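Read off the chains here:
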Amino acid sequence: MKKGSIVPWLLGLTLPLYILDQVTKFWVVDRFVPPWIDAPRDQKIIEVIPDYFNLVRVHNQGVAFGMGNGTEWAPLVFPFISLTAFVLIGLGLRKNFFIGKLGLLAVSLLLCGIIGNLTDRLVQGWRLEELQGASVWEKFKAGYVVDFLDFTIPFINYRWPSFNVADSCICVAAVILFISGWKEEKKD
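Residues numbered from 1 in each chain as written. Predicted model: local features only at pLDDT ≥ 70, side-chain atom pairs only at ≥ 80, totals over all residues. Heavy atoms only, no water.

The subject of this paragraph is the overall build of the protein. Looking only at helices and strands, one finds 5 helices and 4 strands in the protein. In sequence order, the secondary structure elements of the protein are arranged as α-β-β-α-α-α-β-β-α. With the principal axes as the frame, the protein shows a C-alpha extent of 60 × 45 × 25 Å. Of all 188 residues assigned to the protein, the portion counted as buried reaches 39%. For the protein, the share of sequence-separated contacts (at least 6 apart) that also reach a separation of at least 24 residues comes to 62%. Put simply, the protein shows about 11,300 Å² of open surface, and 69% of that area lies on carbon and sulfur atoms. Averaging the coordinates of the 18 positive side-chain charges in the protein and doing the same for the 17 negative ones gives two points 11 Å apart. (Helix = DSSP H or I, 4+ residues; strand = E, 2+ residues; numbered from the N terminus. Buried < 20%, exposed > 50% of the residue type's maximum accessible area, 1.4 Å probe, protein only. Contact = heavy atoms within 4.5 Å. Areas by Shrake-Rupley, 256 points an atom, 1.4 Å probe, with all protein chains shown as cover. Lys, Arg positive; Asp, Glu negative; His and termini not counted. Charge placed at Lys NZ, Arg CZ, Asp CG, Glu CD.)

Turning next to the nonpolar core. Ranked by internal contacts, the top residues of the largest apolar core, which has 29 residues, are Leu 55, Ile 89, Val 107, Phe 148 and Leu 149. At the level of secondary structure, the elements contributing two or more residues to this core comprise α1 (7–31), β2 (53–60), α2 (74–94), α3 (100–127), β3 (145–153) and α5 (165–182). With 8 residues, α3 is the single largest residue contributor to this core. Apart from residues lying up to four places away in sequence, Leu 149 is in contact with Phe 53, Asn 54, Leu 55, Pro 161, Ser 162, Phe 163 and Asn 164. (Core = buried A, V, L, I, M, F, W, Y, C linked by side-chain atoms within 4.5 Å.)

A full pass over the atoms with the stated rule returns 7 aromatic pairs. Their ring planes at 55° and their centres at 5.6 Å tell us that Trp 73 and Phe 78 sit as a pair that is tilted. Phe 78 sits in the buried class, given a relative accessible area of 8%. By the ring-pair criterion, three or more aromatic residues cluster together here, those being Phe 53, Phe 151 and Phe 163. Between Arg 31 and the ring centre of Phe 32, over which it is positioned, the NZ or CZ distance is 4.9 Å. (Phe/Tyr/Trp six-rings, centres within 6.5 Å; stacked < 30°, edge-to-face > 60°. Lys NZ or Arg CZ within 6 Å of the ring centre and 35° of its normal.)

Bringing the side chain of Thr 14 into the picture now. As for its position among the elements, Thr 14 is in helix α1. Among the residues examined, Thr 14 registers a relative accessible area of 5% and is labelled buried. Each residue touching Thr 14, except ones within four places of it in the same chain, is listed here: Trp 9, Ser 108, Leu 111 and Cys 112.

Moving on, we get to the pairing of strand β1 (residues 45–49). Within a regular strand, the side chains alternate between the two sheet faces. For β1 and β2, the ladder comprises 4 bridges, and the chain directions are antiparallel. In the sheet register, Ile 49 faces β2, and the bridge partner there is Phe 53. In this structure, the hairpin formed by β1 and β2 is closed by a connection of 3 residues, where Asp 51 is found at a positive phi of approximately 75°. (Pairing = 2+ DSSP bridges.)

Because the α-helix completes a turn every 3.6 residues, residues three or four places apart line up on one side. Taking 1.5 Å as the rise per residue, α3 with 28 residues should run 40 Å; its terminal C-alpha atoms sit 40 Å apart, in good agreement. Of all bends in α3, the biggest is about 30°, found at Arg 121. (Expected span 1.5 Å × (residues − 1). Bend = angle between axes of the 7 residues up to and from the residue.)

The next subject is the sheet that holds β1. Taking strand neighbours across the sheet as the criterion, the 4 strands line up as β1-β2-β3-β4 in an open arrangement whose pairing is antiparallel. The open sheet is flanked by β1 and β4 (158–159), the only strands paired with a single partner. Relative to β4, β3 runs antiparallel, the two sharing 2 bridges. Residue pairing in the sheet places Ile 153 in a bridge with Tyr 158 of β4. Sitting on the sheet, α3 is in contact with β2 and β3, with an inclination near 125° to β3. (Axes fitted to C-alpha atoms, helices over the stretch in contact; angles between N-to-C directions.)

On to the pattern of salt bridges, then. Following the criterion strictly, the structure yields 6 salt bridges and no others. Between Lys 141 and Glu 138 there is a salt bridge, with its nearest N and O atoms 3.6 Å apart. Of the two residues, Lys 141 and Glu 138 are both situated in helix α4 (residues 136–141); the distance of 3 residues between them amounts to about one turn of the helix. Judged by relative accessible area, which is 35%, Glu 138 ranks as partly exposed. (Salt bridge = Lys/Arg side-chain N within 4 Å of Asp/Glu carboxyl O.)

Structural data, given as structure tokens:
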């Protein structure tokens, strides 16, 4: 990059958000029973704001809005997509695609989101009790992203698909990239 370094952004934003993402996901997995287990309501949901905001445990092997969830190919394809995104972001950084502070902010958030959800896909299948003693391949195929923020949009009573901190980082990065595409950077 011509101006500024990505390193302070990675240490000051990406790393803390990644830690927040993983701590919250591990807490959710430890606090709630798996979605397929019949259990009392207090073991499956915490109402933060009744009728509007809950904490839950959702296993998502797919991508946004659960697309691809439950398919045989999802656990194989989506980690590959994450790795491809790393390569493309690296190329974008080398070619100065991400310009200025907005570009660095977007990259930092994107990396947090990608690393956070990839970590889930690689780790969470190993933590499932029913797969203790299963093969490495079976545990890898069982990998999933932990989603836990559950909102209902007021007035239209629409239950938004559950998401997590990493997903939020990716969405905010997309908005920043869109805005930065319209905003011309000041030249020194």
